[in-house]
Amino acid sequence: MKISIIPYSAFVIPFLIGVVIMAVTCIIKYIRWIRMFDAAQRDVIRHNWFSWKTIPALWEMFREGLLHFRIIRKNAVLGIMHQAFALGWALLIVVGAIQSKNAIACMNQEQSITQLNTLIEQNGWYSFDKDKNIILNKRITYDEAGNKVHLHYYRPFYAAIFYNYFIHKEPASFRKAQAYADLMDGLLLYVFLGLTLALAKRLWSKSVGVRRKASHNLVDRVTKLSLWMIFPLRLISESITSSLYGNGGFLTKYLGSFLSPDIFQYFELVSWLSYSVVLAIFFISMPFTRYMHIFTELLLIWFRKIGMKESTRPTGYTRFELNACSRCGVCIEGCPIDKELDNHRIQAVYLIRGLRAHRREAKMKIIADNCLMCDRCVNDCPVGIDISSIRRMTRSKGSLDTIGNYSYIGTPRPFNAIGRIAYFGGCMSHLTPGITQAMQKIFEAADQKYWYMDRDRSICCGRPLRQQGFLNQADDLMCKNTEMIERSGAMMLVTSCPICYRSFKEEYNLKIPVMHHTEYIDLLLRQGKLNLKRDKRTVSYHDPCELGRGCGIYEQPRNVLNSVTTVRKIKEQKEESICCGFNLGNAVISIEEQTKIRDAAVRSLTAKPVDAIVTACPMCKKSFQHATDRYPVQDIAEVVAANLIKQDE
Amino acid sequence: MKKVAIIGAGPAGIEAASVLARAGVPVTVFEKSSDSLSNLRDKSFLFPNFQPSPELVDEFSGKLQADNITVRHGSCITELKWKGTSWELVCNGSQNLVFDAVLIATGYRTFDASRKEELGYGIYKGVITSLEMEQMIKSGSIPNANGDIPQRIAFLQCVGSRDEKSGNNYCSKVCCVTAVKQAIEVRKILPKTELTIFYMDLRMWGQGFEEMYRTAQEKYGIDFIRGRISEAASTFDGRIQIKTEDTLLGLPMKASVDLLVLMVGMEASDGTRTVGRSCDICGEYGFIRTLNPHLYDNETDRPGLFAAGSCKRPMSINDSVNDGRSAATVIREYLDQLSEN
């Protein structure tokens, strides 16, 4: 005779309902979003789903979804909090699954009738005869015919979650039972570490090194409470069960030893039921709160790593991005609008939350408009959400975006520049003629044939418009510039303005290489085409947003400067560089407010004594020039041009 | 006898010193440079009566020759300390001198035009400041960058004034009329040159200013265009190409000029800033903060410490002189009170 046995108790029902609702909701949502992908994004899926990009994608999913390396690098304590929750919980599930699998496999092997009877009597397991389709649930010794029965233990997935309840005494053949129980307790302690840090962050965020934490709405807070209660309830339930039956690991056993079985036998079921209910509350609310990030961020990392990008309008990918935000608040930490202007209502976390909840459009535009687009938060975001693109498509000017505004420009004059370098100063460099003059000197000193394409008539690269949400108008300008560059036959484009540089590099589809002048001068130096003398100054270098965080050009400017002067390292450099405040991204803050941000940048640049501030962006240069007459402010090109050794000397 | 220190030997300081000295108060005037009236000496002719500035310099210098006045050139006051009833002045970082009352008359400096790089000062030869133009007028020759007679000269108002970006939101008050005055002087030297003044709005507040503005247009043929020059660039022949918008016509325009004269505004001088910081009476933009703009405009919120002239705000010469005189009266009253107590 064959008897099947399954662990079951009524308290698992809330948990099961929770899991089903969560799974169904998530799947429906994901399918809807995937259907919202645009053609380019679909292409990415089609071509790159399984490619060499899979391995880095998987690694990043593991690294950022569970280990949270990026947060740890920003703030170790905060990172460990996130890691403890994510990795700790994931391991509890994985190790718990292995533990229950081993235990039940051993039980199946042992075929012990005594074990079976204990399970049925004490632990609420159900035995049933599959052939006759009846529940037996009685002491079994031998069947009517006197044959030995064959036992088959099922292992439903919740066996791992409620392991201590269903298995009071592990089968004797499960040798590592105690080790597993101790490991599980250890993992629970690890989660408790996260929980403690989370509590500390809640009560006094500075204790975990968070200057300002994100504020959450009521639903988020209730869900967070349910999340926080899961683990203590698990520990309490396990301890009560341990007080009754002596099972569990070092922690539960220890706590159980304090509890009197006479009293706590009445609380055992209640406690396990609350554990199950709290899990259910968390799972059911999860798809509708920030905890949706748990699975979504993994998918987002996957999509991003196989090459998917934001489009100019909201797509399915945008939905994935919005839902991948855990509202960890890392984007608030570095934001100059928060730090210097004390405005903590417009950061990425709030924009994303509002957009996700389909908040009123006018309100979203106000949030989207007030940003320098310095990309600090894009750089800091642990899951790499492209916040600036999302902002651009939300900005208020978008509705004023009309086609054909620049028809008056007409067809650009053709110019024959075959084999030459096209030099595009950019509108901003025209306001800092020191830079364009220096570049011309450098071209001549290196004996490079160049065409100063916007010397007299210049068309804007379009990016300032794009930053404000005028996407069509930006495209108009882009077409004109592209035509002019392509018809000239120039072999390379060099620009002095990081804004133009990023535009030409990312937004234009030019067939010739594009270089910022820092890259270009670095190239000339490596080719030995420039002879420079050293000057004795010590300077600090400011990384412009668009050049550094935007395009990742950090080393070339430093190489160039190091060959001329001494560069002093400053605290907020490279990825952490503070925006000069006069970035074209923000059209709503006042000059006084811009000035405050700029002053913060200047303070950072001059924290240690320097002889000059050097930057590589006309915008930053202008900004700093107005800030201080104590320090000369120069562009790299000017520093290089001033130190050229002329051939005939 | 109560002693008074005056920091700064400009129109306001000298006038105050002279009034006090005539009333029998011993006065020490501290001047950081080797010569007094350095800002005035930079000027050629003075508005509104086109009086040559050397005349005024001579008159002011004469006033300093009084018995009760000691002038200490090359004396830079770096610190002021309140000693309960009197002020201790730290001169040149070491010498400590005690006075019963101190008048701050540290004046202004002109805006450093190279901070507005888009206008090309210090980069293109043809871009000069109003100060350099004064020198040219004084010398009687106004060459362009190549040393030839300029065909066209543009004056640009409000460089470093009424300009949020450079941090100077205030009006410097004297540049409007100075540009008109300079244009008339240039016309006298160069009868055929085209002269244009680019302005935001012309503030002809003083006596005779409005008439000067009218004469400049009617008699001297000077053009006025409302619009700010956004950027300057050099052309191949060394001229300056300017981009602007005629905001009355609503049209953008480009023009080539031989000389672009930047009418630089007034800022608190370095001395004003040092003294202001030292006594904690630094107001907006580094100027000295007075007690009340109506009735107590020479008093500061520190006892025995007074201010006069363009260290408080941009001021014309005649206003500075009047302010120095009024400060002298206020100081005498203060000294009398001290003696009574």
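Note that the structure is predicted; figures quoted are calculated from it, not measured.

All right, on to the overall build of chain A then. Along its length, chain A carries 31 helices and twelve strands. In terms of principal-axis extent, the alpha carbons of chain A reach across some 110 × 50 × 50 Å. Residue burial in chain A is summarised as follows: out of 649 residues, 46% are buried. Taking all contacts inside chain A whose residues are at least 6 apart in sequence as the whole, residues at least 24 apart take part in 78%.

Regarding its fold elements, chain B presents eight helices and 20 strands. Taking 20 Å as the expected radius of gyration for a compact globule of 341 residues, we find that chain B reaches 22 Å, a close match to that expectation. For chain B, contacts bridging at least 24 residues in sequence account for 66% of all contacts bridging at least 6.

Residue and element names in this part refer to chain A. Orientation of helix α27 (residues 517-526) relative to helix α28 (residues 555-562), taken along the N-to-C sense of each, is 50 degrees, at an axis distance of 8 Å. With respect to α28, the axis of α27 lies oblique. As α27 packs across α28, the resulting crossing turns out to be left-handed. Where α27 abuts α28, its residues T518, E519, I521, D522 and L525 lie against Q556, P557, N559 and V560. In terms of residue class, the contact of α27 with α28 is made up of four nonpolar, three polar and two charged.

One finds V191(A), A422(A), I636(A), A637(A) and V640(A) to be the most contacted residues of the largest nonpolar core, which totals 164 residues. Take this core: its biggest share by element is eleven residues, from helix α5 (residues 76-110) of chain A. Residue assignment places this core across two domains, with domain 1 (2-10 + 57-123 + 156-290) and domain 2 (410-642) of chain A each supplying three or more. In contact with V191(A), other than residues within four places in its own chain, are A84(A), F85(A), G88(A), W89(A), L92(A) and F231(A). Membership of the second largest hydrophobic core comes to 50 residues, among which are L20(B), A21(B), F99(B) and F287(B).

Residues and elements named next belong to chain A. Strand order in the open sheet formed by four strands is β10-β9-β11-β12, and the pairing between neighbours is parallel. Each having just a single partner strand, β10 (566-568) and β12 (633-635) make up the two edges of the open sheet. Across the sheet, the mean angle from the axis of one strand to that of its neighbour is 40 degrees, orientation sign disregarded. Where strand β11 (residues 612-615) and β12 come together, three bridges link them in parallel fashion. Looking across to β12, one finds that V614 is bridged to Q634.

Every contact between the two is made by twelve residues of chain B and, on the other side, eleven residues of chain A. Among the residues forming the side of chain B that touches chain A, the class breakdown is two nonpolar, three polar and seven charged.

Interpretation of this model should avoid reading the predicted coordinates in detail wherever pLDDT is low. Averaged over every residue, the pLDDT of chain B is 94; the share at 70 or more is 100%. Of the two predicted TM-score estimates for the complex, the pTM is 0.86 and the ipTM is 0.85.

For the rest of this paragraph, the subject is the domain arrangement of chain B. All names here are of chain B. Here chain B is described as being made up of domain 1 (4-107 + 269-340) and domain 2 (113-266). A C-alpha centroid distance of 32 Å is found between domain 1 and domain 2. The partner domain 2 presents 19 residues to the eleven residues of domain 1 that form the contact. Tallied by class, the residues present in the side of domain 1 that touches domain 2 amount to six nonpolar, three polar and two charged.

Turning to helix α14 (residues 293-305) of chain A, a few remarks are in order. Quick reminder: α-helices carry 3.6 residues per turn. Residues three or four places apart thus point the same way. All names here are of chain A. If you check α14, its first and last C-alpha atoms are 17 Å apart, about what 13 residues at 1.5 Å a residue would give, namely 18 Å. For α14, the full list of buried residues reads H293, T296, E297, L298, L300, I301, F303 and R304. Buried positions along α14 lie against α3 (54-67) and α15 (316-323). Of the residues trailing α14, G307 is marked for its positive phi of about 110 degrees.

Residue and element names in this part refer to chain B. One ladder, built from five bridges, connects strand β6 (residues 77-82) with strand β7 (residues 87-91); its direction is antiparallel. The partner of K81 across the bridge, within β7, is E88. Linking β6 back to β7 in an antiparallel pair, the connection comprises four residues, with G84 at a positive phi of about 90 degrees.

What follows concerns the sheet that holds strand β8 (residues 95-99) of chain B. All names here are of chain B. The three strands are arranged β6-β7-β8 in an open sheet whose pairing can be described as antiparallel. Each edge of the open sheet is held by one strand with a lone partner, namely β6 and β8. Strand-to-strand, the axes of this sheet are offset by a mean angle of 25 degrees, without reference to chain direction. In this sheet, β8 lies alongside β7 in antiparallel orientation, the contact comprising five bridges. Looking across to β8, one finds that L89 is bridged to L97.

Next up on the list: the packing of helix α5 (residues 175-189) of chain B against helix α6 (residues 209-218) of chain B. Residue and element names in this part refer to chain B. Contact pair α5 / α6: the axes reach a minimum separation of 10 Å and the direction vectors enclose 40 degrees. On the basis of their axis angle, the class for α5 and α6 is oblique. Here α5 and α6 pass one another in a crossing that is left-handed. Residues V177, V180, K181, A183 and I184 of α5 pack against F209, M212, Y213 and A216 of α6. Looking at side-chain class alone, the contact of α5 with α6 contains eight nonpolar, no polar and one charged residues.

Residues and elements named next belong to chain A. Across four bridges, the pairing between strand β5 (residues 421-424) and strand β7 (residues 492-495) is parallel. Bridge assignment links A422 to a residue of β7, and that residue is L493. Pairing analysis gives three bridges linking β7 to strand β8 (residues 514-516), with the strands arranged parallel. Within the sheet, the bridge partner assigned to L493 lies in β8 and is V514. Taken together, β7, helix α26 (residues 498-507) and β8 form a β-α-β motif whose crossover is right-handed.

Calculation notes
- Residues numbered from 1 in each chain as written.
- Chains lettered and ligands numbered in written order.
- Predicted model: local features only at pLDDT ≥ 70, side-chain atom pairs only at ≥ 80, totals over all residues.
- Helix = DSSP H or I, 4+ residues; strand = E, 2+ residues; numbered from the N terminus.
- Buried ≥ 20, exposed ≤ 12 C-beta atoms within 10 Å, placed from the backbone.
- Contact = placed C-beta atoms within 7 Å.
- Rg over C-alpha atoms; globule rule 2.2 N^0.38 Å.
- Axes fitted to C-alpha atoms, helices over the stretch in contact; angles between N-to-C directions.
- Parallel < 35°, antiparallel > 145°, perpendicular 65-115°, else oblique.
- Left-handed = near helix turned anticlockwise from the far one by under 90°.
- Nonpolar A, V, L, I, M, F, W, Y, C, P; charged D, E, K, R; others polar.
- Core = buried A, V, L, I, M, F, W, Y, C linked by C-beta atoms within 7 Å.
- Domains from an automatic or database assignment.
- Pairing = 2+ DSSP bridges.
- pLDDT = per-residue confidence, 0-100.
- Expected span 1.5 Å × (residues − 1).
- Right-handed = clockwise from strand over helix to strand, strands pointing away.

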